[in-house]
Protein chains: 2
Amino acid sequence: MAKYCFGVDLGGTTVKLGLFDPEGNVLEKWEIPTRKEESGSKILPDIAKAILDKAAEKDIAKEDVVGVGIGVPGPVDGKGIVHRAVNLGWDVLNINETLGGLLGMPVRAGNDANVAALGEMWCGGGKGYTNMVLATLGTGVGGGIIINGEMVTGATGAGGEIGHIHIQDDEPDTCGCGNHGCLEQYASATGVVRLAERKLASSTQDSVLRAAKENGRLSAKAVFDAVKAGDALACEIAEQFGDYLGKGFAMIAGVVNPEVFVLGGGVSKAGEILCEYVSKYYQKYVFRGSSDAQFKLATLGNDAGIYGAAKLVIG
Amino acid sequence: MAKYCFGVDLGGTTVKLGLFDPEGNVLEKWEIPTRKEESGSKILPDIAKAILDKAAEKDIAKEDVVGVGIGVPGPVDGKGIVHRAVNLGWDVLNINETLGGLLGMPVRAGNDANVAALGEMWCGGGKGYTNMVLATLGTGVGGGIIINGEMVTGATGAGGEIGHIHIQDDEPDTCGCGNHGCLEQYASATGVVRLAERKLASSTQDSVLRAAKENGRLSAKAVFDAVKAGDALACEIAEQFGDYLGKGFAMIAGVVNPEVFVLGGGVSKAGEILCEYVSKYYQKYVFRGSSDAQFKLATLGNDAGIYGAAKLVIG
């Protein structure tokens, strides 16, 4: 029986790699730079070399490797074909075949957000569940949906693109996607700052956030730190945040009825208090059949991608 | 190889049954009444007798039957356990085991709306697709989600309960579920009437719908008939309907990114025009990664349930 697998998280500046055993223990982690020149043509050869070098270093034979999983920042279909990974300079590329050919090992690719969800289910905040939604609250909002232990890729690899669910009808600002009123405009780190700036502008109430804004330090972290310190205005912002994200989660529950929502990304560093705000508004909007869902924090941080990629090939 | 399977659609007043071959051809269809007395304890024995009698009549041996699929009006988990099918008088009941024991054949149960979606995918409006959403626009709005050819049951059997997705923040009327602003309040047959009544009350514009209302004949059918006849007010109502349902579908696409949305139920009898209104607003709200989705009409009508139930056991 094969004893090892590799998990690869391909990012825009760095490739994270991990060597795992089939139980989810990471035996080694390392990184290489993502060389995007020449339309990203060096990326897969670089990854192949990194893996083959590591296997040689550890004296691991190919037949002892279950395979190599890889998360890619772009839509990836069920056959491992990535469609327009703009950040990497790629157009249409079959990762499973191309990287598999370079390695002589089985390769399975998935979208990075979906793969991170798989990682959190395997060894992180969603451990023990098989129906879960990961919401990654960072600069934007990403997501990954797991149903019966499998990633929901969707028809064109856009499954789990929860950041662009329409949540507000009268939003004047334009989202990065070109629409108006996407979940990402309120529940991302920049979204929380948007809510905070609007609240500060529409109120004369005293708040530690006013000084933060003047000093250019208004951030999602500043908002939730102020919430924990009992700042009343910050608490109102957190209520708005909870309303938007809780409503979004309730909509998602009306589609896939998950057991658990896992919160990751920079905003989730605010901790358990985030789950409290979200859960409160989730219960306001959700259909009663889905009211039992749990809310957990992601635990793998930046390693979710390599864990999920390894899980892709372990199955 | 087994040559037959049975599909059962258990409704509140009637049980529909079908005998199928494994290719999806219905060899015989019939019905029996749903006897709900004594907490619904006669229902499964009645169904078992109907199937065994039919098998005897047709000289079909048990070993020639792949199994019996059944759609049930309530949440059914992955093990075939129904939880509180209020309409039938059932509390918690393991259908797979109970009906399987009575029949001596493999039984697989699912929620009726999810099962209908499976039927439309197998032999109806979703034929040729493996990632689809069925929206049943009747008195209420039901739904079924199919991912990679499999029903999305969800953690508690509430997968695909799209009728209760929150879609409007300031709805004064209460939905049957107790919430406010559910998709069902606008996209069901009664929802279309609600939109029509509000439009008639807020406008003085002439419309054939005014006479319909006075004669107690204001219905979803009357609205879409008026649309086809070029009634301007009716067209405005259809735009509103399309906006709500298109927005709801765009949200669903942000979760599961289906290839196709299939419209069933009484409202869908309005025909292709429905797809046009919904598609227009879907494109307004959807994330571009999901903009290729198709819109089709359901074709199996009331038989979707028996087809899907048969497909449940054919796999």
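Residues numbered from 1 in each chain as written. Chains lettered and ligands numbered in written order. Predicted model: local features only at pLDDT ≥ 70, side-chain atom pairs only at ≥ 80, totals over all residues. Heavy atoms only, no water.

Student: What's the story with the nonpolar core in this structure? I'm lost.
Tutor: What tends to happen in soluble globular proteins is that the nonpolar side chains get buried as a cluster. Counting residues in hydrophobic clusters, the biggest one holds 111 residues, and the most contacted among them are F241(A) and F241(B). Residues within four places of F241(B) in sequence aside, it is in contact with L137(B), Y186(B), A187(B), V192(B), L195(B), F224(B), V267(B), L274(B) and V278(B). (Core = buried A, V, L, I, M, F, W, Y, C linked by side-chain atoms within 4.5 Å. Buried < 20%, exposed > 50% of the residue type's maximum accessible area, 1.4 Å probe, protein only. Contact = heavy atoms within 4.5 Å.)

Student: Just to check I follow, could you spell out the interface of chain B and chain A for this structure?
Tutor: Contacts between the two partners involve 37 residues from chain B, matched on the other side by 37 residues from chain A. Roughly 2900 Å² is buried in total at the junction of chain B and chain A, and carbon and sulfur atoms are behind 59% of that figure. Summed over the shared surface of chain B and chain A, the result is 2 salt bridges. Notably, a salt bridge pairs D169(B) with K247(A), separated by 2.9 Å at the nearest N-O pair. Our count for the chain B to chain A interface comes out at 20 residue pairs in polar contact (both at pLDDT 80 or more). (Buried area = accessible area lost by both parts, 1.4 Å probe. Salt bridge = Lys/Arg side-chain N within 4 Å of Asp/Glu carboxyl O. Polar contact = N/O pair within 3.5 Å; in protein donor to acceptor, adjacent residues only side chain to side chain.)

Student: Whenever I open this one, the relation of the copies chain B and chain A confuses me. Can you help?
Tutor: For the pair of chain copies, the relating transformation is a rotation about an axis with a translation along it. Take chain B, turn it by 180°, move it 0.0 Å along the axis, and it overlays chain A with an RMSD of 0.0 Å. The two molecules are tied by a two-fold rotation axis, judged by turn and shift. Same-surface contact between copies: 100% of interface residues of chain B are shared with the interface of chain A. (Least-squares fit on C-alpha atoms with pLDDT ≥ 70 in both.)

Student: What exactly am I supposed to notice about the packing of aromatic side chains here?
Tutor: Scanning all chains against the criterion turns up 22 aromatic pairs over all chains. Their ring planes at 70° and their centres at 4.9 Å tell us that F20(A) and Y307(A) sit as a pair that is edge-to-face. Remark: Y307(A) occurs in helix α11 (residues 304-314) and F20(A) occurs in strand β2 (residues 14-20); sequence separation between them is 287 residues. The pair formed by F20(A) and Y307(A) is uniform in burial state, with each residue classed as buried. Measuring from ring centre to ring centre gives 5.4 Å for F224(B) and F241(B), while their planes differ by 80°; the resulting arrangement is edge-to-face. Taken together, the residues span a long stretch of sequence, with F224(B) in helix α8 (residues 220-228) and F241(B) in helix α9 (residues 232-256) at a distance of 17 residues. One exposure class covers both F224(B) and F241(B), and it is buried. Each residue in the set F249(A), F261(A), Y282(A) and F295(A) is aromatic and connected to the rest through ring pairs, giving one cluster. Its end group placed over the ring of W30(A), K54(A) keeps NZ or CZ at 4.4 Å from the ring centre. (Phe/Tyr/Trp six-rings, centres within 6.5 Å; stacked < 30°, edge-to-face > 60°. Helix = DSSP H or I, 4+ residues; strand = E, 2+ residues; numbered from the N terminus. Lys NZ or Arg CZ within 6 Å of the ring centre and 35° of its normal.)

Student: How do you make sense of the sheet that holds strand β3 (residues 26-33) of chain A when you look at a structure like this?
Tutor: What holds strands together in a sheet is hydrogen bonding between their backbones, with the strands either parallel or antiparallel. All names here are of chain A. Pairing in this open sheet of 5 strands is mixed, and the strands run β3-β2-β1-β4-β7 from one edge to the other. Either end of the sheet is taken by a strand with one partner, and the two such strands are β3 and β7 (107-111). Direction aside, neighbouring strands of the sheet carry axes that sit 15° apart on average. Examined bridge by bridge, strand β1 (residues 4-10) and strand β4 (residues 65-72) share 5 bridges and lie parallel to one another. What sits directly across from D9, in β4, is G71. Packed on one face of the sheet, helix α2 (residues 43-57) meets β1, β2, β3 and β4 and runs near 145° to β3. (Pairing = 2+ DSSP bridges. Axes fitted to C-alpha atoms, helices over the stretch in contact; angles between N-to-C directions.)

Student: Where do I start with the pattern of salt bridges in this structure?
Tutor: Working definition: two side chains of opposite charge can pair if their charged atoms are close together. The final tally for this structure, using the stated rule, is 32 salt bridges over all chains. Put simply, K3(B) and D64(B) hold a salt bridge, and the shortest N to O gap is 3.4 Å. In this pair, K3(B) sits in the segment before β1 (4-10) while D64(B) sits in the loop between α2 (43-57) and β4 (65-72), placing the two residues 61 residues apart along the sequence. In this structure, the salt-bridge partner of E28(B) is K54(B), at a minimum N-O distance of 2.7 Å. Here E28(B) is found in strand β3 (residues 26-33), whereas its partner K54(B) is found in helix α2, with 26 residues between them in sequence. On the basis of relative accessible area, K54(B) is assigned to the buried category, the value being 8%. One connected set of salt bridges, linked through shared partners, spans E28(A), K54(A), E57(A) and K58(A).

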